[in-house]
Amino acid sequence: MIETPSYADALRILACRDGRLVKVVGFASTAARTGYALAGSGQLATTSLRDMREAILGFGEDVLRRMPELRGGVDRHTRTQRLAAAHAVVVVTAYFEALGAVPLPFTLEQLDRGEPISHGVPTRERFARLVATMLVRPLPTPEPHVPYADTREAVERVFQRMSEAVAGYVGGLAVWDELPVDDQLLLPRLLAEGPPARALRRYEDDYRSLAIDSHEFGVRSLVTERPQPSTALSRVAWLLADLAPPRVGDRPLIHRVRMAANALDQPLLQAGKLPEDVSLPLLGEGYLSPRCRVAELTRDSAPADRGWWDEQRPLADLEAFLAGHLTSLRATQAPLLVLGEPGSGKTKLTEVLAARLARSEFLPIRVELGAVRARAGIAEQIEQAVAAVLGEEIGYADLVAAGDGAMPVILLDGFDELVQGGVHRYDYLERVREFQASEAALGRPVAVLVTSRTVVADRIRFPEGLLALQLRPFDDEQVRQWLDIWDQANRALLARRDLRPLPAEAALVHGEMARHPLLLLLLALYDAGGNALQHDHGPLARARLYEVLLRDYTERETGGAQRVAIDQELVLLGAVALSMLARGSQVVTDEMLRRDLPALCHGGEEEPGEDEPRTDWARRATERFFFVRRNGHAFLHSTFGEFLVAWLTMYAVRDLDRRRRLLGDEPLALVQAVDDDLLYAVTSHSCLAERGPIVGFVLELLDQVPSEVRARCVEQLAGLLRRSLHERPRRHFTGFRPVRHTMTRRLAAYSANLALLVVAAAEKPVTVSSILHGPDHLERWTSLTYLWKGQLGQEGWDGLVTALSARRIMTDGVEDVLLGAVPDGTGAGIGAGTGSGMGDVVVAVATGQAPHHRRLLDLLVRAVGEGRSLPYPERAGILEELLRAGSVRTPAIYTALGGLWRDEDGDREELRPLLEAMLADPADRMATWDQLVKAGIPESALWEIHQDALLPGDPRRLD
């Protein structure tokens with residue numbers, strides 16, 4: 001949770017000039033921390049509630065009168081602190097004004113005439129407790145993601161708490177004994193209804209005055225109102241301009257940083273060679289403010305689940321929210337997390353926001369996390385990003401000092417690349433929060449925004465109270481607005497070829513595709529080639545869009561090349577994408593491409609002759625529209641790379657089928673090994689399921705394949721899977737080795753991908769026995785699953801168990817495993833079980849463990865299917881079997897353990913042996929520890945369990 005100021009903090013921040021009020025509140029604050037006896041009763045200047053009320057009212061009037069002075073001549077963070085303190089003063093002043101104005105059965109003067117000791121407690125101590133309760137506790141402050149009505153309710157609860165404190169204080173004084181019995185009975189009700197209601201009316205009046213005088217509060221009130229359409233966050237600029245004048249006269253260093261952030265006059269997509277017959281709108285014209293939902297995350301939040309976001313609060317005005325957030329206390333205490341689907345505009349949001357902040361009292365710095373060292377600290381990553389922009393190294397502290405009070409806003413773009421790159425930085429957001437805390441302690445407060453794909457949100461540890469935004473797809477009106485912008489930029493150009501821009505009706509036919517900003521742009525680009533979308537109004541699948549766009553662009557660039565030549569270009573692009581995937585990176589250098597591309601695209605078998613010109617493979621591949629420079633080469637969007645890996649995989653599968661058909665009925669066809677060298681080269685470096693969109697693209701591409709071809713592919717791929725671990729004396733494409741993996745690792749990736757492709761190509765669920773022939777099919781499947789789990793790494797294994805659904809079946813008394821079916825038996829294909837919450841359990845245990853373990857899983861599945869709860873011991877027993885026998889360590893298991901730990905009816909002692917065993921291995925103890933804490937098990941409990949497990953005499957044991 002963020003720290004908000006109390007009234008005691010406000011006295012310090014706003015430099016209260018009333019010494020007696022400062023001493024009274026200061027003493028109460030000390031007494032609340034140390035106890036009345038240690039605080040020293042002599043320091044309590046007064047016990048007069050009337051005098052304190054008059055001092056509070058006087059200070060409140062002084063603050064409102066001094067607001068112009070308090071707002072001016074200070075840096076951004078100091079101004080934010082002062083405004084939050086002013087709000088705290090308004091809240092307390094409203095209540096104390098009401099306390100003396102509402103009729104009560106006593107007067108404040110009567111309360112101040114109490115005895116030195118009343119009811120056995122010194123009156124001074126009782127008064128100090130009252131002051132601490134009313135003036136030392138943190139008070140609510142307006143925030144941009146919280147509607148004013150919610151803030152008002154929070155303030156009302158504070159007033160109720162204050163009235164309860166007054167009632168308790170009066171009940172301990174001698175004046176209480178003088179009241180009639182009826183007044184004693186009515187007093188709690190009178191205090192609960194009178195002062196809070198009057199105080200709330202006074203608060204509303206003072207808040208409106210504060211909002212008029214201080215635009216920050218006015219901006220926050222705009223967040224719930226639907227704004228007029230605008231582009232490129234233009235309202236952020238003028239909203240911030242109202243809060244402080246634009247900065248001028250920056251030092252040369254800071255001026256260069258600000259100029260680098262201003263990309264509004266660049267094309268919407270800053271790619272390599274743009275299509276010549278279209279005009280991309282500029283970023284400042286073509287970026288539309290997205291629709292968003294906002295949520296404050298807790299341990300029970302599920303931000304990776306789309307359904308969970310549907311229940312969160314819509315954010316009517318993103319631009320007012322951003323301006324309000326950056327001027328709030330929360331901005332410098334915790335990062336703002338922005339989640340979205342691929343192509344939803346996360347990166348563009350950081351680019352536009354940086355540009356809008358470039359002339360404000362903020363110092364925006366964009367950090368592309370895919371282009372900096374993944375394991376570096378936050379400050380080091382910022383320094384690397386600045387060095388790439390400026391061409392020189394400069395320390396973060398020096399950069400902030402050169403900003404002359406401008407508050408840094410760090411935009412960390414692409415956190416998912418750290419999570420999916422095998423670096424396991426699931427605690428990254430906590431490190432960001434620690435960075436903010438340490439910088440604030442040094443007097444250098446900093447705001448941070450982090451973007452990530454939604455899909456990795458279940459692998460991130462969220463600090464409690466973290467604020468998150470989810471970017472939503474365009475609605476119909478936004479689609480029309482963006483296509484109007486496209487129309488203005490391209491109508492004249494397209495008219496030269498007797499074409500016209502894409503109309504909204506033709507785009508909206510394609511459903512969700514037209515509502516994602518990137519895909520809408522790609523639809524418009526594809527249609528600009530020949531108005532194909534306007535002639536055929538049938539829906540276009542995403543994979544088909546990518547393929548026709550790539551083919552159409554390549555055909556135009558090569559002057560109408562034939563299909564074979566276009567396929568060669570796509571293979572080349574696919575090899576670039578494969579080179580990135582194998583390295584777990586979104587960026588690849590010229591040197592890497594010059595080594596990888598000829599090995600795959602040229603076979604690497606022969607060097608060019610003396611008369612044959614050498615090919616600059618890196619330039620040939622990356623001079624396309626689909627690449628951008630980023631300390632190397634990166635795809636215009638990561639989904640291009642994911643599609644191309646899927647396309648290249650399917651190209652290799654089709655090549656396998658073509659070679660097998662060419663053999664036909666030749667005498668040696670039945671005994672000759674199928675040439676799977678290309679397929680092996682493409683799929684033996686990484687599990688395709690490491691990147692979920694790759695699997696989705698594979699499924700969409702298979703939908704275009706005729707049923708008879710798919711059936712042949714299933715047969716051939718299954719045969720390859722059966723022989724996948726056998727030795728092959730010689731292969732082609734051996735020079736393609738982006739990463740030097742062990743043979744075991746490559747065989748694991750190859751066999752896992754073959755299993756994925758078999759299930760994907762099959763048009764109905766397939767059994768393990770139909771793939772792995774023989775009576776020992778389950779034992780062989782077990783061996784494969786152990787190989788995959790041991791060799792694919794956490795990302796590969798997690799992706800595999802998410803994509804490959806499975807369940808145990810019995811056929812004529814024979815046990816088998818059905819792949820590609822959801823737990824209720826319906827549906828088929830890769831990913832059919834996604835979202836069931838049991839994919840990891842099913843694949844890891846039900847598909848190859850002993851019958852006893854499968855019986856436990858059957859019990860679990862049956863209980864879930866029947867909608868009943870298992871007794872606590874049986875749930876603990878299932879988890880124990882999964883952990884001990886199945887060695888299952890996935891997010892679902894950690895979540896289940898956390899749920900058992902929090903179960904009020906359970907016995908935590910039954911979990912101690914499990915947790916002890918999980919923490920026993922020092923190699924992965926830290927990662928396990930973090931996952932268990934994320935699941936809700938306190939670190940203190942884990943520390944106690946770990947200490948108890950150490951042998952007596954162990955130096956690590958603290959006796």
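Residues numbered from 1 in each chain as written. Predicted model: local features only at pLDDT ≥ 70, side-chain atom pairs only at ≥ 80, totals over all residues. Heavy atoms only, no water.

## Regarding the environment of V432
Line of reasoning, step 1. Locating V432 in the fold gives a position in helix α22 (residues 428-441).
Line of reasoning, step 2. In this structure V432 comes out as buried when scored by relative accessible area, which is 0%.
Line of reasoning, step 3. Residues V432 and P335, 97 residues apart in the sequence, show an inter-C-alpha distance of 6.9 Å.
Line of reasoning, step 4. With residues up to four places along the chain from it excluded, the contact list for V432 reads P335, I378, L412 and V448. (Helix = DSSP H or I, 4+ residues; strand = E, 2+ residues; numbered from the N terminus. Buried < 20%, exposed > 50% of the residue type's maximum accessible area, 1.4 Å probe, protein only. Contact = heavy atoms within 4.5 Å.)

## Looking at the environment of A302
Line of reasoning, step 1. Along the chain, A302 falls in the loop between β3 (291-296) and α16 (306-310).
Line of reasoning, step 2. Distance in space between the C-alpha atoms of A302 and A457 is 8.0 Å, their sequence separation being 155 residues.

## Considerations on the sheet that holds strand β7 (residues 407-413)
Line of reasoning, step 1. Pairing within the open sheet is mixed, and its seven strands lie in the order β4-β3-β9-β5-β8-β7-β6. Whereas interior strands pair on both sides, the edge strands pair on one side only; in this sheet they are β4 (313-315) and β6 (362-368). Here the strands of the sheet are splayed against their neighbours by 25° on average, with no regard to which way each runs.
Line of reasoning, step 2. Where β3 meets strand β9 (residues 467-472), six bridges bridge the pair, whose relative direction is antiparallel. Bridge pairing links R293 to Q470 in β9. (Pairing = 2+ DSSP bridges. Axes fitted to C-alpha atoms, helices over the stretch in contact; angles between N-to-C directions.)

## A short note on the packing of helix α23 (residues 476-495) against helix α25 (residues 517-527)
Line of reasoning, step 1. Two elements in contact, α23 and α25, have axes separated by 11 Å at closest approach and are oriented at 45°. As judged from the angle between their axes, α23 and α25 are oblique. Note that α23 runs across α25; the crossing there is right-handed. Along the contact surface, α23 presents V479, W482, L483 and W486, while α25 presents L520, L521, A524 and L525.
Line of reasoning, step 2. Grouping the constituent residues of the contact of α23 with α25 by class yields eight nonpolar, no polar and no charged. (Parallel < 35°, antiparallel > 145°, perpendicular 65-115°, else oblique. Left-handed = near helix turned anticlockwise from the far one by under 90°. Nonpolar A, V, L, I, M, F, W, Y, C, P; charged D, E, K, R; others polar.)

## Some words on the packing of aromatic side chains
Line of reasoning, step 1. Inspection of every chain in the model, using the stated rule, returns 17 aromatic pairs.
Line of reasoning, step 2. With a centroid separation of 5.0 Å and an interplanar angle of 80°, the aromatic rings of W308 and W309 are classed as edge-to-face.
Line of reasoning, step 3. In this structure W308 comes out as buried when scored by relative accessible area, which is 15%.
Line of reasoning, step 4. Looking at W309, the relative accessible area reads 0%, which means it is buried.
Line of reasoning, step 5. Between the aromatic rings of Y680 and Y750, the centroid separation amounts to 5.0 Å while the plane-to-plane angle is 80°, which identifies the pairing as edge-to-face. Taken as a pair, Y680 in helix α32 (residues 677-683) and Y750 in helix α35 (residues 743-761) lie far apart in primary sequence, 70 residues in all.
Line of reasoning, step 6. The buried category is assigned to Y750, whose relative accessible area is 1%.
Line of reasoning, step 7. One aromatic cluster is present, built from ring pairs that chain together Y546, F640, F643 and F697.
Line of reasoning, step 8. The ring of W647 has R654 lying over it, and the distance from NZ or CZ to the ring centre is 5.7 Å. (Phe/Tyr/Trp six-rings, centres within 6.5 Å; stacked < 30°, edge-to-face > 60°. Lys NZ or Arg CZ within 6 Å of the ring centre and 35° of its normal.)

## Thoughts on the pattern of salt bridges
Line of reasoning, step 1. All told, the structure shown has 45 salt bridges when counted by the stated rule.
Line of reasoning, step 2. The salt bridge involving E204 is made with R152; its shortest N-O contact spans 2.3 Å. Remark: R152 occurs in helix α9 (residues 148-171) and E204 occurs in helix α11 (residues 181-213); sequence separation between them is 52 residues.
Line of reasoning, step 3. The exposure class of E204 is buried, given its relative accessible area of 18%.
Line of reasoning, step 4. With a relative accessible area of 28%, R152 lands in the partly exposed category.
Line of reasoning, step 5. R661 serves as the salt-bridge partner of D657, at 3.1 Å between the closest nitrogen and oxygen. With D657 and R661 both in helix α31 (residues 638-663) and four residues apart, this pair spans about one turn of that helix. (Salt bridge = Lys/Arg side-chain N within 4 Å of Asp/Glu carboxyl O.)

## A few points about unusual backbone geometry
Line of reasoning, step 1. Phi is positive for A15, which is not a glycine, with a value near 55°.
Line of reasoning, step 2. Within the secondary structure layout, A15 lies in the loop between α1 (7-13) and α2 (19-34).
Line of reasoning, step 3. In the Ramachandran plot, D498 falls in the positive-phi region, its phi being about 55° despite a non-glycine side chain.
Line of reasoning, step 4. Looking at the secondary structure, you find D498 in the loop between α23 and α24 (504-508).
Line of reasoning, step 5. Among the residues examined, D498 registers a relative accessible area of 71% and is labelled exposed.

## Comments concerning the pairing of strand β5 (residues 336-340)
Line of reasoning, step 1. Burial within β5 is extensive, with five of its five residues counted as buried.
Line of reasoning, step 2. In β5, alternate side chains face the same way, and those of L336, V338 and G340 on one face and L337 and L339 on the other are all buried.
Line of reasoning, step 3. Both β5 and strand β8 (residues 447-453) contribute to a ladder of five bridges, which runs parallel. Note on β8: the bridge partner recorded for G340 is R453.

## Some words on helix α37 (residues 777-791)
Line of reasoning, step 1. The end-to-end C-alpha separation of α37 is 21 Å, in line with the 21 Å expected for 15 residues at 1.5 Å each.
Line of reasoning, step 2. Those residues of α37 that sit buried are H777, L778, W781, T782, L784, T785, L787 and W788.
Line of reasoning, step 3. At the C-terminal side of α37, G793 shows a positive phi close to 80°. (Expected span 1.5 Å × (residues − 1).)

## Description of empty space enclosed by the protein
Line of reasoning, step 1. In total, this model carries nine cavities of 30 Å³ or more according to the counting rule given.
Line of reasoning, step 2. In this structure, the largest cavity encloses a volume near 180 Å³.
Line of reasoning, step 3. Put simply, the parts of the chain that give the lining of the largest cavity at least two residues each are α28 (563-583) and α31.
Line of reasoning, step 4. With four residues, α31 is the single largest residue contributor to the lining of the largest cavity.
Line of reasoning, step 5. Partitioning the lining of the largest cavity into residue classes produces six nonpolar, six polar and three charged. (1 Å grid on protein atoms, 1.4 Å probe; cavity = no way out; pocket = protein on both sides within 12 Å on 5 of 7 lines; lining within 4 Å. Points joined across faces, edges and corners; volume = space filled by probe spheres on them.)

## Considering the sheet that holds strand β13 (residues 806-811)
Line of reasoning, step 1. Strand order in this open sheet of three strands is β12-β14-β13, and the pairing throughout is antiparallel. Where the open sheet ends on each side, the last strands, each with one partner, are β12 (766-767) and β13.
Line of reasoning, step 2. By the bridge criterion, two bridges tie β12 to strand β14 (residues 814-819) in an arrangement that is antiparallel. Each bridged residue has a counterpart across the sheet, and for V766 the counterpart in β14 is L819.

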